[in-house]
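Chain and residue survey
So the chains spell out like this:
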Amino acid sequence: MNKRVYGVIGISSIMANWNADFSGLPKTISDGRTFGSDKALKYPMKKMWENEGKKVLYIKSMRLSDDGTALIPRTLKERYEQIFNVKDLSKSKDPMEILKNLMSAVDVKNFGATFAESGSNISITGAVQIGQGFNKYEDTQPEEQQILSPFRESKKDDKKDDKKNSTLGTKIVSNEAHYFYPFVINPLAYKELIEFGATDGYTEEDYENFRKAALVSATSFATNAKEGCENEFAMFVETTIDTYLPNLSEYITFEKGESKNVISLECKELLSSFGDRIQKIDVYYNPYTTVLKGTDETMKLYDIRTQKEV
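Every value quoted in this text rests on a predicted model; they were computed, and no experiment measured them. (Residues numbered from 1 in each chain as written. Predicted model: local features only at pLDDT ≥ 70, side-chain atom pairs only at ≥ 80, totals over all residues. Heavy atoms only, no water.)

1. Focus on the packing of aromatic side chains
We apply this condition: Think of it this way: a Phe, Tyr or Trp ring, Trp meaning its six-membered ring, pairs with another when their centres are within 6.5 Å, and the plane angle makes it stacked under 30 degrees, edge-to-face over 60, tilted otherwise. Each helix is a run of H or I in the DSSP string that is no shorter than four residues. Each strand is a run of E no shorter than two, and both are numbered from the N terminus. The classification of residues rests on relative accessible area computed with a 1.4 Å probe and restricted to protein chains. Under 20% of the type maximum is buried, over 50% is exposed, and intermediate values are partly exposed. Comment: the charge-over-ring label is applied if NZ (Lys) or CZ (Arg) is within 6 Å of the ring centre and within 35 degrees of the ring normal.
One pass over the full model with this rule turns up 12 aromatic pairs. The interplanar angle of 75° and the centroid separation of 5.5 Å between the aromatic rings of Tyr43 and Phe221 together place this pair among those described as edge-to-face. Here Phe221 lies in the loop between α6 (204-220) and β11 (229-239) and Tyr43 lies in helix α1 (residues 38-51), a separation of 178 residues in the sequence. Using a relative accessible area of 15% as the deciding quantity, one classes Phe221 as buried. Considering the side-chain rings of Phe183 and Phe210, the 5.2 Å spacing of their centres and the 65° angle between planes classify their relative orientation as edge-to-face. Placement of Phe183 in strand β10 (residues 166-185) and of Phe210 in helix α6 is noted, with a sequence separation of 27 residues between them. Residue Phe183 shares its accessibility class with Phe210, and that shared class is buried. One aromatic cluster is present, built from ring pairs that chain together Phe183, Tyr207, Phe210, Phe236, Tyr284 and Tyr302. Residue placement shows Lys42 over the ring face of Phe111; its charged tip is 5.1 Å from the ring centre.

Following this line, the structure appears as structure tokens:
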């Protein structure tokens, strides 16, 4: 692929918890602003690719313990051996074979990898780099829900202390949040690996895999905490290989309108200043819930639900 791609991925969270900290609350920085980490966005992408039958290395998978009494997560070595049909990684003495295997995994091809196993120490900078997704809705508030379990808690050691009532649990969500993640795709990241013969580089097919996941993976990933999270916006700006754009999420604002949300693009002047080095601009949004402002004739607009042109 002989171009760079800059863009933004927007995730809405309605009575859901897109990315919690260890206390269960939506993640915030020191000034109180809510954000989602890049890992929160990458995980649904990886699950979508895995469900499609693609090789995904860096994702949690389980196996039975050696004594067969418990389910435990696989180590990185075990996961590698599983997806690449390798009997024993420690006996593999060919670093090029390991490198080629790593680059055949869709998550590594996009996001890179740090692989330090069995004498191999390989670091791959991914062609796709995703920043932190800051919430741009000012009235976001955490909501705590009490949950009643259908079972009482029993203490096996002391029958006299058995509780008479069902246990309580807690579920924490945001009333509403709208996260906007910046990203950049630089195919030159794999220039040296191409020279080694480890990969054919970041291709148009790789880009399409990422693009599809960027449009629907959050919507398709319905866990208890993530139900209510959806892909609501995406922008892809394709440029010449030697064009360098700033963080585009800083040029996007979000506000609540009377009947629909309003997403405003404030990057029109910035992008026009690059002239013909900007090759293509595609913008996806949900016209049912959102009014899009700040567009012009250079942008193609699509319905993010159907991927059809608006």
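2. Describing the layout of surface pockets
This is how the line gets drawn: Using a grid of 1 Å spacing that covers the protein atoms alone, one calls a set of points a cavity when a 1.4 Å probe fits there but cannot get out, and a pocket when the set is open and has protein on both sides within 12 Å along at least five of seven lines; lining residues are those with an atom within 4 Å of a point. Grid points are joined across faces, edges and corners, and a volume is the space filled by probe spheres set on the points. Any residue outside Ala, Val, Leu, Ile, Met, Phe, Trp, Tyr, Cys, Pro, Asp, Glu, Lys and Arg is labelled polar, Gly included; the first ten of those are nonpolar and the last four are charged.
Here the largest pocket is characterised by a volume of approximately 430 Å³. Those elements that place two or more of their residues in the lining of the largest pocket are α1, α4 (106-111), β5 (112-117) and β7 (128-130). Among the elements that take part in the lining of the largest pocket, α1 stands out by supplying 7 residues, more than any other. Of the residues in the lining of the largest pocket, the class split is 11 nonpolar, 6 polar and 6 charged. Lining the second largest pocket are Arg33, Gln132, Phe134, Asn135, Lys136, Phe180, Pro182, Asn247, Ser249 and Glu250. Elements supplying a minimum of two residues to the lining of the second largest pocket: β8 (133-135) and β10. Looking at the lining of the second largest pocket, its residues break down into 3 nonpolar, 4 polar and 3 charged.

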